[in-house]
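Spelled out, the chains give:
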Amino acid sequence: MRKIAMRTSACLLLVLFMIGGFGIYLFRYILEGDRWVTFQVNRHAYSDAILSVGKVVDCNGQLLASMSKGQQTFSSSELTRLSTLHAVGDIHGNIGTGVMNYHATDMMGYSRIGGVYSHTGRGNTIQLSIDAKLNNAAYTALAGRKGAVIAYNYRTGEVLCMVSTPSYDAYYPLSPEQLEWSYYDGVYINRCISSTFTPGSIFKIVTLTAAIENIPELFDMTFCCEGHTVIANEVITCSSVHGYCDIYDAFAGSCNVAFAEIAQMLSGEILYEYALKLGLLESFKVSDIPVAAGSFIIAAGGSVDLSWSGIGQYEDLVNPLAMTRLMAAIANKGVAVNPRLITGIIGEYGMPKGLKYRTTSNKRLMASETAVIMAKMLRYNATSVYNGYYSFAEYPGFSGKSGTAEMKDGKDPHGWFTGFLADIDNPIAFTVIVENSGWGMQQAAPIVDIILGEMNI
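All of the points below concern the structure found in this document. (Residues numbered from 1 in each chain as written. Predicted model: local features only at pLDDT ≥ 70, side-chain atom pairs only at ≥ 80, totals over all residues. Heavy atoms only, no water.)

Here we come to the overall build of the chain. A count of helices and strands for the chain gives 17 helices and 20 strands. In the chain, which comprises 457 residues, the proportion classed as buried is 55%. A total accessible area of about 20,100 Å² is found for the chain, and carbon and sulfur atoms account for 55% of it. (Helix = DSSP H or I, 4+ residues; strand = E, 2+ residues; numbered from the N terminus. Buried < 20%, exposed > 50% of the residue type's maximum accessible area, 1.4 Å probe, protein only. Areas by Shrake-Rupley, 256 points an atom, 1.4 Å probe, with all protein chains shown as cover.)

Structure (structure tokens):
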């Protein structure tokens, strides 16, 4: 009897272990099943480590990539293949943030019940928000230079244009020898999403926001710019001699002297607080793909480093998409609509699948009153500085700021331009960076002109 009791207890214990093990497996399957199926030795989903099924199209339904029974097809246009590479990804998974890699389970049609079995052998279709035509225009405008171009609808969150260069043709992967060329440095990185850069004068948007909310007499102040100023026995130069100016003209003229003084009035701690509050130091997600967080080092009060940090130099780093989201928030009375790259998933029988990518989240980055003032000042900046130079200055509600970020390694500066259209019919926020190109107004602004022109606003 005792032996029977012991055997019964042992069997019961074994059953409990089995139930517990199955429970752990089921729990992990629910949480990590999508990662398991994307393991490249899964022959149901991959052929020779290349995704077997699925399709990617742009907002107009134009084919960008198609995987079917081991055959890979990309756009028939070489320019489109080049301009959309970083958004779409490559068949070998070198571009980790491309949708072919990051959203492989959506392309396969994975479900926790049916796995990755495809009745038709075609998988799902991922619909992107980008317009290949806009991407082509941006890629052409970059003219072989390294950089990034991003534009999105700040009401819906739909990313309309996302270009990162350098790029390469998806049909012709780069050889090890080509990867050694300096031109291809960082070629696998989507600069719109995964890179951060010294911002230069576009960071004055952050400094100005902080000043509006922390310096009560700001709009009564007068600044005197003689082309330079001295902070802690070191000289800070300005691009021009602005003379006496108020904050509107100091911002429009991008006066380093004025903003060096404002940074000292604020402190490094306040500048850090606002860079964080305005979303430049946090990672957020665009259709589940993480965006690189920027950085800001708090400099000591009274130091020249503090002044340079308020100007957008020192150790400041920002991400282009995060900067675009900030501009979107200003245009949208302080509320940022999170950008999204995917607008939907179409099943293999042509029916939409779920609402996962059809909605987006909102986040307030600044008080609505501050956003209204900032929008007014960015509009003043656009009309007083760019009018007569670029056609975009005539677009309804065009507002923006250029920036020129000096490099510590002695290379040519990065050229920036960021802004938005305060236009109910064309709610567009945008950012352009051209690496080591020179002045933002000369190098980045013309690309904005081309992109907005392509939209037929």
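Once that is clear, we can look at the packing of helix α9 (residues 204–214) against helix α11 (residues 256–266). The N-to-C vectors of α9 and α11 enclose an angle of 50 degrees; their axes lie 10 Å apart at closest approach. Taken together, the axes of α9 and α11 lie oblique to each other. When you trace α9 past α11, the crossing you get is left-handed. Packed against α9, whose contacting residues are K204, T207, L208, A210, A211 and N214, the element α11 presents N256, F259, I262 and L266 at the interface. Across the contact of α9 with α11, the residue classes break down as six nonpolar, three polar and one charged. (Axes fitted to C-alpha atoms, helices over the stretch in contact; angles between N-to-C directions. Parallel < 35°, antiparallel > 145°, perpendicular 65-115°, else oblique. Left-handed = near helix turned anticlockwise from the far one by under 90°. Contact = heavy atoms within 4.5 Å. Nonpolar A, V, L, I, M, F, W, Y, C, P; charged D, E, K, R; others polar.)

Now for the environment of R145. Take R145: it is sitting in the loop between α6 (132–142) and β7 (147–153). For R145, a relative accessible area of 24% translates into the label partly exposed. Separated by 290 residues in the primary sequence, R145 and E435 have C-alpha atoms spaced 7.2 Å apart. If sequence neighbours within four positions are ignored, R145 has contacts with T165, V434, Q443 and I447.

Summed over the entire model, instances satisfying the criterion amount to 18 aromatic pairs. With a centroid separation of 6.0 Å and an interplanar angle of 75 degrees, the aromatic rings of Y386 and F392 are classed as edge-to-face. A relative accessible area of 1% places Y386 in the buried class. Classification of F392 by relative accessible area gives buried; the value is 0%. Ring geometry for F398 and F430: centres 5.8 Å apart, planes at 20 degrees, overall stacked. Taken together, the positions of F398 in strand β18 (residues 398–405) and F430 in strand β20 (residues 428–434) put the pair 32 residues apart, joining distant regions of the chain. On the basis of relative accessible area, F398 is assigned to the buried category, the value being 0%. The class of F430 is buried, set by a relative accessible area of 4%. (Phe/Tyr/Trp six-rings, centres within 6.5 Å; stacked < 30°, edge-to-face > 60°.)

Residues T165 and P166 are joined by a peptide bond in cis, for which omega reads 10 degrees. Counting through the fold element by element, P166 comes out in the loop between β8 (159–165) and α7 (176–179). Here S267, not a glycine, exhibits a phi torsion of approximately 100 degrees, which is positive. In this structure, S267 sits in the loop between α11 and α12 (268–277).

Attention now goes to the pattern of salt bridges. Scanning the entire structure with this criterion turns up eight salt bridges. Its salt-bridge partner being E158, residue R340 comes within 3.4 Å of it at the nearest N-O pair. One end of the pair, R340, is in the loop between β15 (335–337) and β16 (342–346); the other, E158, is in the loop between β7 and β8, with 182 residues separating them in the sequence. R340 gets classed as buried once you look at its relative accessible area, which sits at 10%. Because the salt bridges share partners, they merge into one network encompassing E282, R325 and K363. (Salt bridge = Lys/Arg side-chain N within 4 Å of Asp/Glu carboxyl O.)

Judged by pairing direction, the sheet is mixed, and its five strands sit side by side in the order β5-β4-β3-β6-β16 without closing on themselves. Strands at the two margins of the open sheet, each flanked by one partner only, are β5 (71–74) and β16. Going from strand to strand, the sheet's axes swing by 10 degrees on average, the running direction of each strand aside. Bridge count for strand β4 (residues 63–68) against β5 is four bridges, and the pairing is antiparallel. Among the inter-strand pairings, S68 is bridged to a residue of β5, identified as Q71. (Pairing = 2+ DSSP bridges.)

Attention shifts here to the state of the cysteines. Taken as a whole and assessed by the stated rule, the structure comprises zero disulfides. No disulfide involves C192; its nearest neighbouring cysteine sulfur is the one of C161, lying 7.6 Å away. (Disulfide = S-S within 2.5 Å.)

What follows deals with the side chain of S402. With respect to the helices and strands, S402 occurs in strand β18. Of the residues examined, S402 reaches a relative accessible area of 14% and is grouped as buried. Contacts of S402, omitting those with residues within four sequence positions, involve S201, I202, Y386, W416, F417, G440 and M441.

Remember, this is a structural readout, not a statement about activity or role.
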